Amino acid sequence: MTTKLINCKMKEIYFSPIELKENPEESKARFKFWYSMDLVGLQNMSLINLQRV
């Protein structure tokens, strides 16, 4: 990212696009993390429902 000063009061920002390449191991780890977080949330909801009964 580069910036240019214009009239010392404003800035223009230029973004250079970069192609993102995702590593298969990273995507699997991310999926496992969110899957485990989903399971923890379901367990918490189940415990709360059991306490209400």
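Peer 1: What is the right way to read the overall build of the protein from this model?
Peer 2: Within the protein, the regular secondary structure consists of 1 helix and 2 strands. Considering the protein as a whole, with its 53 residues, one finds that 0% of them fall into the buried category. With the model as given, the accessible surface of the protein reaches about 5,800 Å², and the carbon-plus-sulfur share is 62%.

Peer 1: Looking at this structure, I do not really get the confidence of the model for the protein. What am I missing?
Peer 2: The predicted coordinates of low-pLDDT regions are not to be read in fine detail. Predicted confidence across the protein gives a mean pLDDT of 81, with 77% of residues reaching 70 or more. Element-level pLDDT for the protein is lowest in strand β1 (residues 2-6), with a mean of 59, against a maximum mean of 91 in helix α1 (residues 24-52).

Peer 1: Even after reading the chapter, I still don't get the packing of aromatic side chains, so can you show me in this structure?
Peer 2: One pass over the full model with this rule turns up 2 aromatic pairs. Taking the centre distance of 6.2 Å and the plane angle of 20° together, the rings of Phe-31 and Tyr-35 count as stacked. Of this pair, Phe-31 and Tyr-35 both sit in helix α1, 4 residues apart, which is roughly one turn of that helix. Taking 5.0 Å as the distance between ring centres and 75° as the angle between the ring planes, the aromatic pair formed by Phe-33 and Trp-34 counts as edge-to-face. Given a relative accessible area of 43%, Phe-33 falls into the partly exposed group.

Conventions used here
- Residues numbered from 1 in each chain as written.
- Predicted model: local features only at pLDDT ≥ 70, side-chain atom pairs only at ≥ 80, totals over all residues.
- Heavy atoms only, no water.
- Helix = DSSP H or I, 4+ residues; strand = E, 2+ residues; numbered from the N terminus.
- Buried < 20%, exposed > 50% of the residue type's maximum accessible area, 1.4 Å probe, protein only.
- Areas by Shrake-Rupley, 256 points an atom, 1.4 Å probe, with all protein chains shown as cover.
- pLDDT = per-residue confidence, 0-100.
- Phe/Tyr/Trp six-rings, centres within 6.5 Å; stacked < 30°, edge-to-face > 60°.

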